[in-house]
Amino acid sequence: AQSVAQPEDQVNVAEGNPLTVKCTYSVSGNPYLFWYVQYPNRGLQFLLKYITGDNLVKGSYGFEAEFNKSQTSFHLKKPSALVSDSALYFCAVRDTWDDKIIFGKGTRLHILP
Amino acid sequence: DAGVIQSPRHEVTEMGQEVTLRCKPISGHDYLFWYRQTMMRGLELLIYFNNNVPIDDSGMPEDRFSAKMPNASFSTLKIQPSEPRDSAVYFCASSTRDRYIPSTDTQYFGPGTRLTVL
């Protein structure tokens with residue numbers, strides 16, 4: 001069965017510094033990986049996804065994520081954090097041919113001015 | 001496109017009452033998902049539909065919960081009778097399947113319905 005783990009409940013980063021939000025996964029087939037962001041009182045918004053090909057995926061708002069098959073990880077990154085990036089971030093995984101996406105518990109990102 | 005539309009945005013009801021949550025998916029999307037979000041359990045998939053047909057309802061917590069999709073543009077999630085532990089934010093999401101790589105479609109979420117059962 002597929003699963004996804006976000007080991008950090010919260011990440012604090014100073015504005016202007018690079019940020020990383022960690023995610024590891026487990027699937028039996030080929031993984032399809034997603035990152036979503038949730039702002040207060042809003043639904044989840046799609047940021048980016050990995051399907052195949054280049055291990056570095058670029059997404060919305062300057063975010064990118066790196067797929068690492070050997071480490072079964074898909075960490076979210078941004079070179080320079082903004083205060084407006086403060087939100088709840090969800091990693092999600094889907095196994096090949098599976099309809100369902102499994103979401104992680106979420107990581108709350110605080111960008112400190 | 002207006003995106004996924006959910007109503008109401010907030011619902012406060014008393015224990016024992018019937019609650020109906022509504023969702024209008026993005027036009028052309030053939031998958032519809034209902035999720036529940038709580039602090040304790042995170043985001044849980046309750047049920048999903050494909051072409052208006054329920055495919056997997058294994059996440060529906062109890063018989064008190066039911067969901068329907070009478071047509072491609074409308075779905076409901078009903079709780080009868082409601083209980084305080086049903087208090088949560090309920091999200092609807094929709095997607096359309098890529099015919100070549102079926103599992104890669106992106107789900108688009110509605111703004112959610114915040115349900116409070118007193």
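Everything quoted here is computed from the prediction, not taken from an experiment.

(A) Quick look at the packing of aromatic side chains. One pass over the structure, following the stated rule, counts 16 aromatic pairs over all chains. Site record: aromatic cluster; members linked through ring pairs are A:Tyr36, A:Phe46, A:Phe90, A:Phe103, B:Tyr31, B:Phe33, B:Tyr35, B:Tyr48, B:Phe91 and B:Phe109.

(B) Molecular detail of the interface of chain B and chain A. Of the residues lining the interface, 26 residues belong to chain B; the matching set on chain A comes to 23 residues. Roughly 1,900 Å² is buried in total at the junction of chain B and chain A, and carbon and sulfur atoms are behind 51% of that figure. Remark: the boundary between chain B and chain A carries 1 salt bridge. As a salt-bridge pair, B:Asp56 and A:Lys100 come within 2.9 Å of each other at their nearest N and O atoms. One can count 5 residue pairs in polar contact (both at pLDDT 80 or more) joining chain B with chain A. The set of elements that each furnish at least two residues to the side of chain B that touches chain A consists of strand S4 (31-38), strand S5 (42-50) and strand S6 (53-56) of chain B. Looking at the side of chain B that touches chain A, the element that brings in the most residues is S4(B), giving 4 residues. Partitioned by chemical class, the residues of the side of chain B that touches chain A number 13 nonpolar, 7 polar and 6 charged.

(C) Structural view of the pairing of strand S8 (residues 74-79) of chain B. Residues and elements named next belong to chain B. Sheet topology note: the strand S3 (residues 19-24)/S8 ladder contains 5 bridges and is antiparallel. Following the sheet pairing, Cys23 is matched in S8 by Ser75. Bridge count between strand S7 (residues 65-71) and S8: 5 bridges; the pairing is antiparallel. Looking at the pairing, Ala67 lines up with Leu77 of S8. The turn joining S7 and S8, which pair antiparallel and follow one another in sequence, is formed by 2 residues.

So, how was this worked out
Residues numbered from 1 in each chain as written. Chains lettered and ligands numbered in written order. Predicted model: local features only at pLDDT ≥ 70, side-chain atom pairs only at ≥ 80, totals over all residues. Heavy atoms only, no water. Phe/Tyr/Trp six-rings, centres within 6.5 Å; stacked < 30°, edge-to-face > 60°. Contact = heavy atoms within 4.5 Å. Buried area = accessible area lost by both parts, 1.4 Å probe. Salt bridge = Lys/Arg side-chain N within 4 Å of Asp/Glu carboxyl O. Polar contact = N/O pair within 3.5 Å; in protein donor to acceptor, adjacent residues only side chain to side chain. Helix = DSSP H or I, 4+ residues; strand = E, 2+ residues; numbered from the N terminus. Nonpolar A, V, L, I, M, F, W, Y, C, P; charged D, E, K, R; others polar. Pairing = 2+ DSSP bridges.

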